[in-house]
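These are the residues of each chain, in order.
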There are 2 protein chains.
Amino acid sequence: MPEDDNVVYIGGKGVMSYVLAVVTQFNQGVSEVEIKARGKAISRAVDVAEIVKNKFLNEVKIEDIGTKTEELENDDGTKSKVSAINIKMSAPQKQ
Amino acid sequence: MPEDDNVVYIGGKGVMSYVLAVVTQFNQGVSEVEIKARGKAISRAVDVAEIVKNKFLNEVKIEDIGTKTEELENDDGTKSKVSAINIKMSAPQKQ
């Protein structure tokens, strides 16, 4: 299984699309899902994690949250820095 | 010293105002600063932490990041839920 199967990238769609993506992954039996976002989408990533945990899958926990700075190349060749977040969510192991 | 002295709340001002607030706290000798934000300001809170760490105070680390959901009462008495973030930054103890 490629690593990206457990990753949900947050973009400009509505929060619930991403919530559904995360919930679907856990319902398919994966034990860990990473939510990744950059720039202004970071707030939405936190919304997604909180909604998954509080409204859909109460047994799922936020395991770890990491941030970093990424460098992007603009169309004109200049570079911009942007913050990124990585929210690792985990489900308890099924017995 | 009241607890709030070590807290920087992120609002609608420019990122650098908050970066300066955090850097000033550390320069005054506190060993821990908490950056708090809600809703759309969450992205800016991550920017502030990343800029403090990467551009100003390389010895300062992000110790812990927590999220939660808060309930706000609107002007018309209805309630809304909003995500919140708490970024704990720490400086190494001075010898």
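This text follows the structure it describes.
A.B. asks: Hey, could you go over helix α1 (residues 15-27) of chain A for me, with residue numbers and the actual values?
C.D. replies: All names here are of chain A. When the terminal C-alpha atoms of α1 are compared, their 18 Å separation across 13 residues agrees well with the 18 Å that a helix rising 1.5 Å per residue should span. Every buried residue of α1 is listed here: Tyr 18, Val 19, Val 22, Val 23, Gln 25 and Phe 26. Around the axis of α1, the buried residues are gathered within 155 degrees of arc, so they sit on the same side. The exposed set on the far side of α1, more than 90 degrees from its buried face, consists of Leu 20 and Asn 27. Buried residues in α1 make contact with β1 (7-9), β2 (32-38), α2 (41-56) and β4 (79-90). Gly 29 sits one or two positions beyond α1 and adopts a positive phi of about 105 degrees.

A.B. asks: I'd like a rundown of a negative patch on the surface, residues and numbers included.
C.D. replies: Taken together, the side chains of Glu 32, Glu 63 and Asp 64 of chain A together with Glu 32, Glu 63 and Asp 64 of chain B present a region of like negative charge at the surface. Residue position: Glu 63 of chain A is located in strand β3 (residues 61-73).

A.B. asks: Break down the interface of chain B and chain A for me, citing the residues and quoting the values.
C.D. replies: Contacts between chain B and chain A engage 16 residues on the former and 16 residues on the latter. Carbon and sulfur atoms supply 54% of the area that chain B and chain A bury against each other, a total of about 1300 Å² over both sides. Viewed at the interface, chain A and chain B are joined by zero salt bridges. The interface formed by chain B and chain A holds 13 residue pairs in polar contact (both at pLDDT 80 or more) in total. Here the element with the most residues in the side of chain B that touches chain A is helix α2 (residues 41-56) of chain B; it accounts for six residues. Along the lines of polarity and charge, the residues of the side of chain B that touches chain A split into six nonpolar, six polar and four charged.

About the thresholds
- Numbering of residues starts from 1 in every chain and runs along the sequence as written.
- Lettering of chains starts at A and numbering of ligands starts at 1, both following the order in which they are written.
- Reporting of local features is limited, given that this is a predicted model, to residues whose pLDDT is at least 70; pairs of side-chain atoms are given and counted only at 80 or more, and all residues count toward the totals for whole chains, interfaces and linings.
- The side-chain figures draw on all heavy atoms in the structure; neither hydrogens nor water molecules are used.
- Secondary structure elements are defined from DSSP: runs of H or I of at least 4 residues count as helices, runs of E of at least 2 residues count as strands, and each element is numbered from the N terminus.
- Here a helix's expected span is defined as the number of its residues, less one, multiplied by 1.5 Å.
- Relative accessibility under 20% of the residue-type maximum defines a buried residue, over 50% an exposed one, and the middle range a partly exposed one, all with a 1.4 Å probe and only protein chains included.
- Working definition: the arc comes from the directions between the helix axis and the C-beta atoms, pointing outward to the latter.
- Residue contacts follow a heavy-atom distance rule, with two residues in contact if any of their heavy atoms lie within 4.5 Å.
- Patches here: salt-bridge-free residues with over 30% relative accessible area, like charges joined within 9 Å, nonpolar side chains (Val, Leu, Ile, Met, Phe, Trp, Tyr) joined within 5 Å.
- To measure how exposed things are, a 1.4 Å probe is used in the Shrake-Rupley method; for residues, cover is taken only from the protein chains shown.
- Between Lys or Arg on one side and Asp or Glu on the other, a salt bridge is scored when a side-chain nitrogen of the former is within 4 Å of a carboxyl oxygen of the latter.
- Charge assignment in this entry is limited to Lys and Arg as positive and Asp and Glu as negative, and neither His nor the chain termini are counted.
- Where a charge lies is defined by one atom per residue type: Lys uses NZ, Arg uses CZ, Asp uses CG and Glu uses CD.
- Here the quantity called buried area is the total loss of accessible area, with a 1.4 Å probe, experienced by two parts when brought into contact, counted for both.
- A 3.5 Å cut-off defines polar contacts: any pair of N or O atoms within that distance qualifies, except that in protein one atom must be a possible hydrogen donor and the other a possible acceptor, and neighbouring residues in sequence count only when both atoms are side-chain atoms.
- Following the grouping adopted for this structure description, the nonpolar residues are Ala, Val, Leu, Ile, Met, Phe, Trp, Tyr, Cys and Pro, the charged ones are Asp, Glu, Lys and Arg, and the polar ones are all others, Gly among them.

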